[in-house]
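The chain contents come next:
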Amino acid sequence: MSSLEFDPEVSRQIEAMYTTPDVIEQRRVVRMALALRPGDRVLDVGVGPGLLAAEMAAEVGPDGRICGVDISDSMLAIASTRAAVPGGPPIELEAASVARLPYGAQNFDVVVSTQVFEYVDDVPGALAEIRRVLRPAGRVVLLDTDWGSIVWRSSDDARMAKVLTAFEDHLQDPHLPRTLGDALDKTGFTRTHLQVIPLLNVGFDHRTYSAGLIDIVAAFVPGHAGVTPAEAEAWADDLRSQGDSYFFSLNRYLFVASAL
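The numbering scheme is per chain: residues are counted from 1 as the chain's sequence reads. In keeping with the model being predicted, local features are shown solely for residues with a pLDDT of at least 70 and side-chain atom pairs are shown and tallied solely at 80 or more, while totals for entire chains, interfaces and linings include all residues. Excluding hydrogens and water, the side-chain values take into account all heavy atoms of the structure.

Q: Any chance you could explain the overall build of the chain here in plain terms?
A: Looking only at helices and strands, one finds nine helices and eight strands in the chain. Atoms counted for the radius of gyration: C-alpha only. Globule rule: 2.2 Å times the number of residues to the power 0.38. A globule of 260 residues ought to have a C-alpha radius of gyration of about 18 Å, and the chain, at 18 Å, matches this closely. By principal-axis analysis of the C-alpha atoms, the chain measures approximately 55 × 40 × 30 Å. When burial is assessed residue by residue, the chain has 54% of its 260 residues classed as buried. Numbering of helices and strands starts at the N terminus; helices are DSSP runs of H or I of at least 4 residues and strands are runs of E of at least 2. Accessibility here uses a 1.4 Å probe with only protein chains present; expressed as a share of the type maximum, an area under 20% marks a residue as buried, one over 50% as exposed, and anything in between as partly exposed.

See below:
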């Protein structure tokens, strides 16, 4: 396995994907689950381009606190452009991983992490670290994808299966939601909510999550699971040429738990 490098180019691609209607709606659902109140202290683990952090800052108001950590300097650079939020606190950004959060115990009311834990090699350790920085009865909200749920139309199903298998190499656990509930229980959290958030794109459109994903997958998979550069290019060209026949679906899973 080799990780996906969140360099400046990939970070820009991620930002573009996260401004599509698909992911805007995903953030709306996440914010509903967060149920933030004015004055809340929130940590965003894997802050990425800072879109969710900026939306949360507006909700907690000037008396709240929003901190964001990420391991990618290029992601933090993009997030810094959103650090000043009218009516909210300045977003505090630091380079750090969930394995070692740079905060004292019981600093936050809420910790949120979207599309991060599937990259983590020690999920129980990361959950314990989140529990450490949460106040008693604080909440954690986690969103991750089960990549086994993907349905992507192709003119060559064998090539599609090969490419998707190769893309799983960039993750520690491409099927994490199946075991994440157990991991939360064993770390002492009490699960309070579980919800599926589907992504569905019908008809090819550049302004969708999956259209952006094609570029990222095609750039990553050559050299993995025997995929050649020519196969990756042919795979991507096939999808982009489908027009109204294009079909993509993927499930993400939202876990809410309390540190009781």
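Q: How should I be thinking about the pairing of strand 8 (residues 247-258) in this particular structure?
A: Two faces, one strand: in a regular strand the side chains alternate between the faces of the sheet. Among the twelve residues of strand 8, nine are classified as buried, and the element is accordingly described as predominantly covered. Alignment of strand 6 (residues 151-152) against strand 8, held across two bridges, turns out to be antiparallel. When the bridges of strand 8 are listed, Val-151 appears paired with Ser-249. Pairing between two strands is assigned when DSSP locates at least 2 bridges connecting them. In this structure, strand 7 (residues 190-202) lies alongside strand 8, joined through twelve bridges in antiparallel fashion. Note on strand 8: the bridge partner recorded for Asn-201 is Phe-248.

Q: What am I meant to see in the layout of surface pockets here?
A: Empty pockets left among the atoms are what a rolling probe the size of a water molecule brings to light. Put simply, the grid is 1 Å and covers the protein atoms alone, a cavity is a trapped set of points that fit a 1.4 Å probe, a pocket is an open set with protein on both sides within 12 Å along at least five of seven lines, and lining residues have an atom within 4 Å of a point. Grid points are joined across faces, edges and corners, and a volume is the space filled by probe spheres set on the points. Taken as a whole, the largest pocket encloses approximately 890 Å³ of empty space. Lining of the largest pocket is provided by 44 residues; of these, Phe-6, Gly-46, Gln-115, Val-116 and Tyr-119 occupy positions nearest its centre. Looking at the lining of the largest pocket, the elements with two or more residues in it are helix 1 (8-18), helix 2 (21-34), strand 1 (41-45), helix 3 (51-60), strand 2 (65-70), helix 5 (123-133) and helix 8 (209-220). Only Asp, Glu, Lys and Arg are considered charged, only Ala, Val, Leu, Ile, Met, Phe, Trp, Tyr, Cys and Pro nonpolar, and every remaining residue, Gly among them, polar. Taken together, the residues of the lining of the largest pocket sort by class into 26 nonpolar, eleven polar and seven charged.

Q: Explain the environment of Val-141 here, please?
A: Relative to the assigned elements, Val-141 resides in strand 5 (residues 134-145). A relative accessible area of 1% means that Val-141 is categorised as buried. Residues Val-141 and Leu-250, 109 residues apart in the sequence, show an inter-C-alpha distance of 20 Å. Leaving out residues up to four positions away in the same chain, Val-141 has contacts with Val-30, Ala-33, Leu-34, Val-111, Val-112, Ser-113, Leu-254, Phe-255 and Val-256. Contacts are assigned to residue pairs that have any heavy atoms within 4.5 Å of one another.

Q: Help me understand the packing of helix 6 (residues 157-167) against helix 8 in this model?
A: Two packed helices can be described by the angle between their axes and the distance between those axes. Between N-to-C directions, angles cover 0 to 180 degrees, with each direction set by a line fitted to C-alpha atoms, over the stretch in contact for helices. Where helix 6 contacts helix 8, the two axes come as close as 9 Å, and the packing angle between them is 80°. What the angle tells us is that helix 6 and helix 8 run roughly perpendicular. Between helix 6, through Val-163, Ala-166 and Phe-167, and helix 8, the contact on the second element is made entirely by Leu-213, Ile-216, Val-217 and Phe-220. Residue composition of the contact of helix 6 with helix 8, by class: seven nonpolar, no polar and no charged. Here is the rule for angles: anything less than 35 degrees is roughly parallel, anything more than 145 is roughly antiparallel, 65 through 115 is roughly perpendicular, and the remaining ranges are oblique.

Q: Sorry, what's going on with helix 7 (residues 177-186) here?
A: Two residues of an α-helix separated by three or four positions point the same way, owing to the 3.6 residues in each turn. Every buried residue of helix 7 is accounted for by Pro-177, Leu-180, Gly-181, Ala-183 and Leu-184. Taken end-on, helix 7 shows its buried residues confined to a sector of 165°, consistent with a single buried face. In helix 7, the exposed residues that point more than 90 degrees away from the buried face are Arg-178 and Lys-186. Lining the buried residues of helix 7 we find helix 5, strand 5, strand 7 and strand 8. Among the residues trailing helix 7, Gly-188 stands out with phi positive, at a value near 95°. It is the directions from the helix axis to the C-beta atoms whose arc is reported.

Q: So what exactly am I meant to see when it comes to the nonpolar core here?
A: For soluble globular proteins, the rule of thumb is that nonpolar side chains tend to be buried together. Trp-152, Tyr-209, Leu-213, Val-221, Trp-235 and Phe-248 are the most contacted members of the largest nonpolar core, which totals 36 residues. Taken together, the elements giving at least two residues each to this core come down to helix 1, helix 6, helix 8, helix 9 (229-240) and strand 8. For this core, the leading source of residues is helix 8, giving eight residues. In contact with Phe-248, other than residues within four places in its own chain, are Ile-150, Val-151, Trp-152, Leu-199, Leu-200, Asn-201, Tyr-209, Ser-210 and Leu-213. Put simply, buried Ala, Val, Leu, Ile, Met, Phe, Trp, Tyr and Cys residues joined by side-chain atoms within 4.5 Å make one nonpolar core.

Q: I would appreciate a short explanation of unusual backbone geometry in the present structure.
A: Despite not being glycine, Ala-35 shows a phi value in the positive range, around 50°. Relative to the assigned elements, Ala-35 resides in the loop between helix 2 and strand 1. Residue class for Ala-35 comes out partly exposed when judged on its relative accessible area of 46%. In this structure, Ala-137 takes a positive phi of about 70° despite not being glycine. The topology assignment puts Ala-137 in strand 5.

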